Amino acid sequence: MSGSVPVQLAEGTYVGTKVKERAFGAVITSETSFVPNMASDWHFHVNPHFSHILEGGSREVRKGGTDRQYAGAGLYYYPGVAHQNVDYLPGTRIFNMELTEDFFKTYGLSCPPPSLMFGDKFQLNTNGLVRIMKEHYLHDAAAALAVDQLCVDLIAPCQQDFHCYPEWTEKIRDIMHDHWDTPLSLPFLAEQLDLHPVTISRYFSRYFGCSAGEYLRKIKVERAISLIKKEQVSLTGIAYECGFTDQAHFTKTFRRITGMLPNQYRKI
């Protein structure tokens, strides 16, 4: 930061030009656009928020490192953590979802920890953020109810402290992300963890909120989200690259998990 004092951005305020903002009770959603090559001041936000890059991207500078972010990326920003964005690509557009203090009071939830901003990139549920984005654009009479539930679902996994769970829960998460593109089986996972397959079968859903098979499908959809915005890659090619049997299987799974068809997401 070279001694500069970061700017505090007020509730609902972001770098760039705000295209459209909606308020769903204690949740604020918006879309912002950016001119090429612009650079923001060092800044931080008063509320936690998530961002999903729709087009373009930028280079984000934080204390301790720099990261290039592209279309399809899902990001989390912990309040008070200073950062700067530079070198915006032409046509950059970003969807933002901000959670106010009233949201956490209403649902008895805690702000997701800073580790979600700096830690394992697979902690962020990008497909859940896409579902919230769909409601932002749909904006019908049921959208407020849908946004609240989706935000609770998005935040609830962040409350999990895997260190308070059996040691194997953190290990199996890492194994599944490392081996997402290879056939997985309960015997293979059990061998890697030195557990009985029945133990995994019986308790996986308790700790992850879904079956192991559905968790693996979500990982594949997360991979696909980052590729769909690349126009030069066909949806059929993405389906095979992300481990789906064919485009029909990919389309059906993507829609069930994100609430959108792959082509609908590509056109946003």
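Thresholds, definitions, all that
Every chain begins its residue count from 1, and numbering advances along the sequence as written. Two thresholds apply to this predicted model, a pLDDT of at least 70 for residue-level local features and 80 or more for giving and counting side-chain atom pairs, whereas whole-chain, interface and lining totals are computed over all residues. Only hydrogens and water are removed before side-chain values are computed, so all heavy atoms of the structure are retained for them. In this description, strands pair whenever DSSP reports at least two bridges between them. Elements are defined by DSSP. Helices are runs of H or I of four residues or more, strands are runs of E of two residues or more, and each kind is numbered from the N terminus. Only the stretch in contact is used when fitting a helix axis, every axis being a line fitted to C-alpha atoms; angles between N-to-C directions are given from 0 to 180 degrees. A contact between two residues is defined here by any heavy atoms of the two lying within 4.5 Å. Each residue is assigned to one of three classes by its accessible area relative to the maximum for its type, calculated with a 1.4 Å probe on protein chains only: buried under 20%, partly exposed between the two thresholds, exposed over 50%. Take the residue count of a helix, subtract one, and multiply by 1.5 Å to get its expected span. Salt bridges are counted wherever a side-chain nitrogen of Lys or Arg sits within 4 Å of a carboxyl oxygen of Asp or Glu. Stacked, edge-to-face and tilted are the three classes for Phe, Tyr and Trp ring pairs, Trp counted by its six-membered ring, which pair at centre distances within 6.5 Å; planes under 30 degrees apart are stacked, over 60 edge-to-face, the rest tilted. Lysine NZ or arginine CZ positioned within 6 Å of the ring centre and within 35 degrees of the ring normal marks a charge as sitting over the ring. In this description, the term disulfide denotes a pair of cysteine sulfurs within 2.5 Å.

1. Quick notes on the sheet that holds strand β5 (residues 49–55)
Alright, step 1. The strand order β2-β3-β10-β5-β8 describes an open sheet built from five strands, whose pairing is antiparallel. Strands with a single pairing partner mark the edges of an open sheet, and in this sheet they are β2 (17–24) and β8 (74–77). The sheet shows a mean angle of 20° between the axes of neighbouring strands, direction not considered.
Alright, step 2. Pairing of β2 with strand β3 (residues 27–33), which is carried by seven bridges, proceeds in the antiparallel orientation. Bridge pairing links A23 to I28 in β3.
Alright, step 3. Against the sheet, helix α3 (residues 126–138) touches β2, β3, β5, β8 and β10 (93–99), its axis set at about 80° to β5.

2. Let's talk about the environment of R255
Alright, step 1. On the secondary structure map, R255 appears in helix α10 (residues 247–258).
Alright, step 2. Counting along the chain gives 34 residues from R255 to V221, while the straight-line C-alpha distance between them is 9.7 Å.
Alright, step 3. If we ignore the near neighbours within four places in the chain, the residues touching R255 are R131, M260 and L261.

3. Section: the side chain of T126
Alright, step 1. Note on placement: T126 falls in helix α3.
Alright, step 2. Relative accessible area serves as the criterion here: at 7%, T126 is assigned to the buried category.
Alright, step 3. Residue contacts for T126: discarding those within four places in its chain leaves H52, G72, G74, E222 and I225.

4. Re helix α8 (residues 212–228)
Alright, step 1. Helix length check: α8 (17 residues) gives 25 Å between terminal C-alpha atoms against 24 Å at 1.5 Å per residue, within 8%.
Alright, step 2. Buried within α8 are the following residues: E214, Y215, L216, I219, K220, V221, A224, I225, L227 and I228.

5. Re the pattern of salt bridges
Alright, step 1. One pass over the full model with this rule turns up eleven salt bridges.
Alright, step 2. Residue R62 is joined to E60 by a salt bridge in which the shortest nitrogen-to-oxygen separation is 2.5 Å.
Alright, step 3. Given a relative accessible area of 16%, R62 falls into the buried group.
Alright, step 4. We classify E60 as buried; its relative accessible area is 1%.

6. Some thoughts on the packing of aromatic side chains
A ring pair, where both rings are aromatic, is described by two values, the distance of the centres and the angle of the planes.
Alright, step 1. With the rule as written, the count across this model stands at eleven aromatic pairs.
Alright, step 2. Ring centres 5.4 Å apart and planes at 90° place the aromatic pair F103 and F104 in the edge-to-face group. Neither residue differs from the other here; F103 and F104 are each classed as buried.
Alright, step 3. The interplanar angle of 70° and the centroid separation of 5.9 Å between the aromatic rings of F204 and Y215 together place this pair among those described as edge-to-face. Here F204 is found in helix α7 (residues 197–208), whereas its partner Y215 is found in helix α8, with eleven residues between them in sequence.
Alright, step 4. We classify Y215 as buried; its relative accessible area is 14%.
Alright, step 5. Site record: aromatic cluster; members linked through ring pairs are F244, F250, F254 and Y265.
Alright, step 6. Of note, K229 hangs over the ring of Y265, and the distance from its end group to the ring centre comes to 4.9 Å.

7. A look at the pairing of strand β6 (residues 57–62)
Alright, step 1. Buried residues dominate β6, accounting for five of its six residues.
Alright, step 2. Looking at chain direction, β6 and strand β7 (residues 65–70) are connected through six bridges and run antiparallel. Each bridged residue has a counterpart across the sheet, and for V61 the counterpart in β7 is T66.
Alright, step 3. As paired strands, β6 and strand β9 (residues 83–86) are joined by four bridges and run antiparallel to one another. Pairing of R62 across the sheet is with H83, part of β9.

8. Regarding the state of the cysteines
Alright, step 1. Under the counting rule described, the total for this entry stands at zero disulfides.
Alright, step 2. Not engaged in a disulfide, the cysteine C242 finds its nearest cysteine sulfur in C210; these two sulfurs lie 18 Å apart.

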